Number of protein chains: 2
Amino acid sequence: MATAVNSAKAAKTKKEAASTGAIQIGIEYKKDVDFPKWYQQVVTRSEMLEYYDVSGCYILRPWAYRVWQEIQLWFDREIQELGVENAYFPMFVPAKNLEKEKDHVEGFAAEVAWVTRGGNTDLEEPLAIRPTSETVMYPYYAKWVRSHRDLPLRLNQWCNVVRWEFKNPQPFLRTREFLWQEGHTAFATKEEADKEVYQILELYRQVYEDLLAVPVIKGIKSEKEKFPGGLYTTTMKALSPLLDVNFAKMFNISFEDPQGPLPGGEARPPLHAWQNSWGLSTRSLGTMVMVHGDDKGLVLPPRVAAVQIIVIPCGINNKTTDEERTSVETRIADILKELKKAGIRAKVDDRATYSVGYKFNHWELRGVPVRLEVGPKDVKNNQAVAARRDNGEKVTIHHESLVKEGLRDANLSYITEWKDFVPALDNKNFCMIPWCEESSCEDEIKEKSARTGIASTEVQDDKAPSMGAKSLCIPLNQPQDKPIVVGETKCVSCGKDAKRWSLFGRSY
Amino acid sequence: MATAVNSAKAAKTKKEAASTGAIQIGIEYKKDVDFPKWYQQVVTRSEMLEYYDVSGCYILRPWAYRVWQEIQLWFDREIQELGVENAYFPMFVPAKNLEKEKDHVEGFAAEVAWVTRGGNTDLEEPLAIRPTSETVMYPYYAKWVRSHRDLPLRLNQWCNVVRWEFKNPQPFLRTREFLWQEGHTAFATKEEADKEVYQILELYRQVYEDLLAVPVIKGIKSEKEKFPGGLYTTTMKALSPLLDVNFAKMFNISFEDPQGPLPGGEARPPLHAWQNSWGLSTRSLGTMVMVHGDDKGLVLPPRVAAVQIIVIPCGINNKTTDEERTSVETRIADILKELKKAGIRAKVDDRATYSVGYKFNHWELRGVPVRLEVGPKDVKNNQAVAARRDNGEKVTIHHESLVKEGLRDANLSYITEWKDFVPALDNKNFCMIPWCEESSCEDEIKEKSARTGIASTEVQDDKAPSMGAKSLCIPLNQPQDKPIVVGETKCVSCGKDAKRWSLFGRSY
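Treat the numbers as computed from the prediction; the structure is a model and nothing was measured.

## Quick word on the overall build of chain A
- In terms of helices and strands, chain A carries 17 helices and 21 strands.
- Here chain A holds 508 residues, and the buried ones make up 56% of them.
- At a minimum sequence separation of 6, the contacts of chain A that also span at least 24 residues come to 70%.
- Looking at chain A as shown, the accessible area adds up to about 22700 Å², and 51% of this sits on carbon and sulfur atoms.

## Observations regarding the state of the cysteines
Residue and element names in this part refer to chain A.
- Scanning the entire structure with this criterion turns up zero disulfides over all chains.
- Free cysteine Cys436: the closest other cysteine sulfur is in Cys441, separated by 3.6 Å.
- Note on Cys436: relative accessible area 2%, which makes it buried.

## Focus on the packing of helix α3 (residues 62–82) of chain A against helix α7 (residues 190–211) of chain A
Residue and element names in this part refer to chain A.
- Closest axis-to-axis distance for the α3/α7 pair is 11 Å, and the angle between their directions is 155°. By the angle between their directions, the pair α3 and α7 is classed as roughly antiparallel. As for the relative orientation of α3 and α7, their crossing is right-handed in sense. Counting all contacts with α3, which are made through Glu70, Ile71, Trp74, Phe75, Glu78, Ile79 and Leu82, the residues of α7 involved are Gln199, Ile200, Leu203, Tyr204, Gln206, Val207 and Leu211.
- Broken down by class, the residue content of the contact of α3 with α7 amounts to 10 nonpolar, two polar and two charged.

## Quick word on the sheet that holds strand β13 (residues 309–313) of chain A
All names here are of chain A.
- Taken together, five strands build an open sheet; the order of strands is β14-β13-β15-β16-β17 and the sheet is mixed. Taken across any chain shown, the strands that pair with only one partner, and hence form the sheet edges, are β14 (346–348) and β17 (394–398). Averaged over all pairs of adjacent strands, the angle between their axes in this sheet comes to 25°, without regard to strand direction.
- The pairing of strand β16 (residues 383–388) with β17 spans five bridges and is antiparallel. The residue bridging Gln383 from the neighbouring strand is His398, located in β17.
- Strand contacts of helix α13 (residues 356–365): β13, β14 and β15 (370–374), with the helix running at about 175° to β13, the strand carrying the most contacts.

## Description of the domain arrangement of chain A
Residue and element names in this part refer to chain A.
- Each domain of chain A was delimited in the assignment, giving domain 1 (64–287), domain 2 (302–410) and domain 3 (412–506).
- Contacts between domain 1 and domain 2 engage seven residues on the former and four residues on the latter.
- Carbon and sulfur atoms make up 59% of the area that domain 1 and domain 2 hide from each other, which totals about 560 Å².
- At the boundary of domain 1 and domain 2, one finds one salt bridge.
- Arg345 is the salt-bridge partner of Glu70, the closest N and O atoms lying 3.5 Å from each other.
- Connecting domain 1 to domain 2 are one residue pair in polar contact (both at pLDDT 80 or more).
- Those elements that provide at least two residues to the side of domain 1 that touches domain 2 are α3 and α7.
- Per-element accounting of the side of domain 1 that touches domain 2 gives the leading share, four residues, to α3.
- Taken together, the residues that form the side of domain 1 that touches domain 2 break down as four nonpolar, no polar and three charged.

## Some remarks on the relation of the copies chain A and chain B
- The transform that puts chain A on chain B rotates by 180° and translates by 0.1 Å along the axis, for an RMSD of 0.1 Å. A rotation of that kind, with that shift, is consistent with a two-fold axis. No C-alpha of chain A lies nearer the rotation axis than that of Val115 of chain A, which sits 2.1 Å from it.
- The fraction of interface residues of chain A whose copies in chain B are also interface residues reaches 100%, indicating that both copies meet through the same surface.

## What about the packing of helix α3 (residues 62–82) of chain B against helix α11 (residues 283–292) of chain B?
Residues and elements named next belong to chain B.
- It is the contact of α3 with α11, at a shortest axis distance of 10 Å, that shows an interaxial angle of 115°. Here α11 runs roughly perpendicular to α3, going by the angle between their axes. For the pair α3 and α11, the crossing hand works out as right-handed. Between α3 and α11, the residues in contact are Ala64, Val67, Trp68 and Ile71 and Ser284, Leu285 and Met288, respectively.
- Taken together, the residues that form the contact of α3 with α11 break down as six nonpolar, one polar and no charged.

## Quick notes on the interface of chain A and chain B
- Opposite the 66 residues of chain A that make contact, chain B presents 66 residues.
- Of the roughly 5900 Å² buried between chain A and chain B, counting both surfaces, carbon and sulfur atoms make up 58%.
- It is Tyr52, Tyr88 and Tyr140 of chain A in chain A that bury the most area against chain B; as a group they hold 11% of the surface buried on that side.
- The interface formed by chain A and chain B includes two salt bridges.
- The residue Lys143 of chain B makes a salt bridge to Glu50 of chain A at a minimum N-O spacing of 2.5 Å.

## Focus: the environment of Pro302 of chain A
- Within the element layout of this structure, Pro302 of chain A appears in the loop between α11 (283–292) and β13.
- C-alpha of Pro302 of chain A to C-alpha of Glu125 of chain A: the two residues are 177 residues apart in sequence and 49 Å apart in space.

## Side note on the packing of aromatic side chains
- One pass over the structure, following the stated rule, counts 38 aromatic pairs over all chains.
- Summarising the aromatic geometry, the rings of Phe75 of chain A and Tyr204 of chain A are spaced 5.3 Å apart at their centres and angled 15° between planes, so their arrangement reads as stacked. Taken together, the residues span a long stretch of sequence, with Phe75 of chain A in helix α3 and Tyr204 of chain A in helix α7 at a distance of 129 residues.
- A relative accessible area of 0% means that Tyr204 of chain A is categorised as buried.
- On the numbers, 6.1 Å between centres and 50° between planes, the contact of Phe89 of chain B with Trp144 of chain B is tilted. Here Trp144 of chain B lies in helix α6 (residues 134–144) and Phe89 of chain B lies in the loop between β3 (85–86) and β4 (92–94), a separation of 55 residues in the sequence.
- Clustering of aromatic rings is evident, with ring pairs tying together Tyr52 of chain A together with Phe89, Tyr138, Tyr140, Tyr141 and Trp144 of chain B.

## A word on the sheet that holds strand β15 (residues 370–374) of chain B
Residue and element names in this part refer to chain B.
- Judged by pairing direction, the sheet is mixed, and its five strands sit side by side in the order β14-β13-β15-β16-β17 without closing on themselves. Taken across any chain shown, the strands that pair with only one partner, and hence form the sheet edges, are β14 (346–348) and β17 (394–398). Averaged over all pairs of adjacent strands, the angle between their axes in this sheet comes to 25°, without regard to strand direction.
- Contacting β13 (309–313), β14 and β15, helix α13 (residues 356–365) crosses the sheet at an angle of about 175° to β13.

## Description of the pattern of salt bridges
Residues and elements named next belong to chain A.
- Counting across every chain of the model gives 54 salt bridges over all chains.
- Note that Arg500 is salt-bridged to Glu437, the shortest N-O span being 2.9 Å. Here the residue Arg500 occupies a position in strand β21 (residues 500–505), and Glu437 occupies one in the loop between β19 (430–435) and α17 (439–448), the gap between them amounting to 63 residues.
- Taking the relative accessible area as the measure of exposure, Arg500 reaches 22% and is therefore partly exposed.
- Overlapping salt bridges bring together Lys296, Glu364, Arg371, Glu373 and Lys394 as one network.

## Let's talk about helix α12 (residues 322–341) of chain A
Residue and element names in this part refer to chain A.
- Between the first and last C-alpha of α12 there are 29 Å, a value that for 20 residues agrees with the 28 Å anticipated at 1.5 Å per step.
- Of the positions making up α12, those classed as buried are Val328, Arg331, Ile332, Ile335 and Leu339. Buried residues of α12, seen end-on, are gathered within an arc of 100° and therefore sit on one face of the element. Set apart from the buried face of α12 by more than 90 degrees, the exposed residues are Asp322, Glu323, Glu329, Lys337 and Lys340.
- In the stretch just after α12, Gly343 is the one whose phi turns positive, near 80°.

## Digging into the pairing of β13 of chain A
All names here are of chain A.
- With respect to burial, β13 is a largely interior element, five of its five residues being buried.
- Where burial is concerned, the two faces of β13 agree: the one with Ile309, Val311 and Pro313 and the one with Ile310 and Ile312 are both buried.
- With three bridges joining them, β13 and β14 adopt parallel strand pairing. Residue pairing for β14: Ile309 is matched across the bridge by Ala346.
- In this fold, the crossover linking β13 to β14 by way of α12 has right-handed handedness.
- Where β13 meets β15, five bridges bridge the pair, whose relative direction is parallel. By the bridge assignment, Pro313 is partnered in β15 with Val374.

## Here's the deal with a positive patch on the surface
- A surface patch of positive charge is lined by Lys499 of chain A together with Lys337, Lys340 and Lys341 of chain B.
- Within the secondary structure, Lys337 of chain B sits in helix α12 (residues 322–341).
- Judged by its relative accessible area of 65%, Lys337 of chain B is exposed.

## Looking at the pairing of β15 of chain A
Residue and element names in this part refer to chain A.
- With five of five residues buried, β15 is to be regarded as a mostly interior element.
- Neither face of β15 is open: one carries Val370, Leu372 and Val374, the other Arg371 and Glu373, and all of them are buried.
- Note that β15 and β16 share four bridges and pair antiparallel. Opposite Leu372, over in β16, you have Ala386 as the bridge partner.

Conventions and cut-offs
- Residues numbered from 1 in each chain as written.
- Chains lettered and ligands numbered in written order.
- Predicted model: local features only at pLDDT ≥ 70, side-chain atom pairs only at ≥ 80, totals over all residues.
- Heavy atoms only, no water.
- Helix = DSSP H or I, 4+ residues; strand = E, 2+ residues; numbered from the N terminus.
- Buried < 20%, exposed > 50% of the residue type's maximum accessible area, 1.4 Å probe, protein only.
- Contact = heavy atoms within 4.5 Å.
- Areas by Shrake-Rupley, 256 points an atom, 1.4 Å probe, with all protein chains shown as cover.
- Disulfide = S-S within 2.5 Å.
- Axes fitted to C-alpha atoms, helices over the stretch in contact; angles between N-to-C directions.
- Parallel < 35°, antiparallel > 145°, perpendicular 65-115°, else oblique.
- Left-handed = near helix turned anticlockwise from the far one by under 90°.
- Nonpolar A, V, L, I, M, F, W, Y, C, P; charged D, E, K, R; others polar.
- Pairing = 2+ DSSP bridges.
- Domains from an automatic or database assignment.
- Buried area = accessible area lost by both parts, 1.4 Å probe.
- Salt bridge = Lys/Arg side-chain N within 4 Å of Asp/Glu carboxyl O.
- Polar contact = N/O pair within 3.5 Å; in protein donor to acceptor, adjacent residues only side chain to side chain.
- Least-squares fit on C-alpha atoms with pLDDT ≥ 70 in both.
- Phe/Tyr/Trp six-rings, centres within 6.5 Å; stacked < 30°, edge-to-face > 60°.
- Expected span 1.5 Å × (residues − 1).
- Arc of directions from axis to C-beta.
- Right-handed = clockwise from strand over helix to strand, strands pointing away.
- Patch = residues over 30% accessible without salt bridge, like charges linked within 9 Å, V, L, I, M, F, W, Y side chains within 5 Å.
- Lys, Arg positive; Asp, Glu negative; His and termini not counted.
- Charge placed at Lys NZ, Arg CZ, Asp CG, Glu CD.

Here it is in structure tokens:
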């Protein structure tokens, strides 16, 4: 069996790596024993982040930034669907504006960074760097909103903010500069504002549960980590959008009563807008690391991983013939091509200067969800060995079903018949299906795919009652090798014409 | 003719608008007469931008930010294809780091904003806000690059930068805070670095010419605007990526010579990396406004416009029956649906409280590329009236060809036969074609679609020799109503199996 051979090879090369010092780049602390040190090593050695010259500021390296960008792309598309528009407001706040909202400024005053000089000239009035943008935006909201016809006003911005905290800084979790989105919206009625709160809350839940695979509620309730609990809670608090009219009153964001003047001809007093604000920051990356990471390092959820499958040539040594080497290279090139075609982010580590064991450690430390091992014997037997990062499971896969299995390991199934849908969900997979995109059909799917757990005396962990599946997104990158043919391809659930491949999944 | 009726109606309602004061929101200055005032009115009244409390800082409103985001999405995808990765570095630079590169700091010292206080505490060392990130990034490049195996290192970041200029600020063009991307890359050889310079230059050219419809070279050479020429040139300078080893020497970004030690066993001196840096900023939006805007206001190029087609119900008055009103509403809903399906960003202005003339001015001022007028008579005659913003041309379009003509007005043709390809290009259109995606085929398309201008004695403006067409992009949003069927749909040029719809166009 190629598997056995490869494993032996891996064990041997791991030893080699140790003797050449390569193992030193691993994680030296146990998550259970010294959580803070474990966390710091994981985020730096996985190359997510680098400590910077200024305390409390960190460099987000590509391995972390990619996760943030995946969140950004997804969330941005969703809020634009809701009718929110992006804008960009300046980062400087004149002192007098910051002080306009007393409670607000008291909450932030102690941690505001002040610009006092431009070039060699002292500024007449110091400028705060935004810790958040209420005091930047709302004076202009007051200017732009005159009539109920100017509402709703729904703006979002992606930007950096600064909070000059003096407590212990922590990568991602407590940083002096961080990236976030902040949505600030104004509505004529409380009903509309309420509705948005619910919509945004649901999107945040999806970011955590579906993209980062962090069960939100469970995360809050069963938090056992030794890391100061408050931090974790703070991060989770980001999930509660704020609804208020206080700011509208403070900044006088008001509009004429659409009812017009009173019967006597006297003007009605202006109404104040209902406002929401909501933000999601790079702190979420810290939560992801804490929840999934293990003693080997980072564990990345497939949907946000920069590399979802790493392919490593194995079992090549002095006795390997040139022909065998070439066969491995050719096979790997084929595999990469197929994976790419199926929309999977795959990469080969063909660096000749590193041992196989070194490479295993390297990609485990970085949390790549699936490792694929291909050696000369695998090529001969038309197979490959796949290892999952999260549970360490290793399976030998036949070449023909490699993409399918690769997808399965990435928790993603392409489903074209209803009979396969619920079993795939039960297998904790996301399902990509040709879909009609109709709301009534989505309701039906949700109902049909719920598990009510009737035989409750026999409930096992994996047979527990569970929610029905909901649509998660309609991918911009539609699978190239399985096009939807209008009038031919049918919706997997209702049988009407399918419009596009759409992703469905159950919530945790 | 519905056209005539609508025009008369428009003329009348324009007068009405004038009498109710609505015309006041138009542009009061002529581009030819007072360019600076014209420019300021266009950017503010089109709602691209709002002046902010801090001099030299401006609010980018959704109408401008959307243009920036379209540039960002396109450019980001292109550089990732080249192998560039995104990261995020802190915005604070310790004084001592900023001073590391003498020439560099001299260029920026006079315009650096300094943070000197955090909360109520003076900082031990003042922190500069990045005017650009060489001094932030390169010390870490030096740390990360040890061996030629660590190269190339190709990072990009999207961020805000601050240059505390004291000269006259100008919206977009000279601002104290602006948004940009900055790419900083390091290579082992000059050849690789050279190659990247060429690639990035080509991408910047495409941003200007294909997205913003600003002919780059022509723009520099024939610049006749009264606006200070230097500014314009500065913006264009962004098109020249920088290639240098100076920074590598200054920050000691070096690597072991891959040749190993000298024959005598002595180590070879380390080699310095070849570095490029390249940036594109929101200044490009100012260029776009200056080049295309006219006395009516902004003129947006279709590819970056938030709204590409604005649909306005027309010819509705006291005599209009309920049935007619409903027929117009239904027709407009159909049109919007069709346009959306074809991937066009369309919107209806059905505000009951504004006159048709007011709406015409409103959307002209904002530069929407095409206005579509639909009245009861249009519905009866199964047609609509389209007006182009750039040249004012008005045509009556039959309903069946509306999407096609809408596309044409957006300078976009869907082509399925080669015979239509060159004529569409000659018509200054971009062409979307089913394409095999092979390089040899692209070369052939370029050759076949060039116009050599052989009959040069008869050359007219629109028959001048011109470059052949090149692929501009493979859209992520593939048209939903015309799916590529693998094995059936053929490449328009070579007849092999088509992979995806791809956009081709000629350069100016």
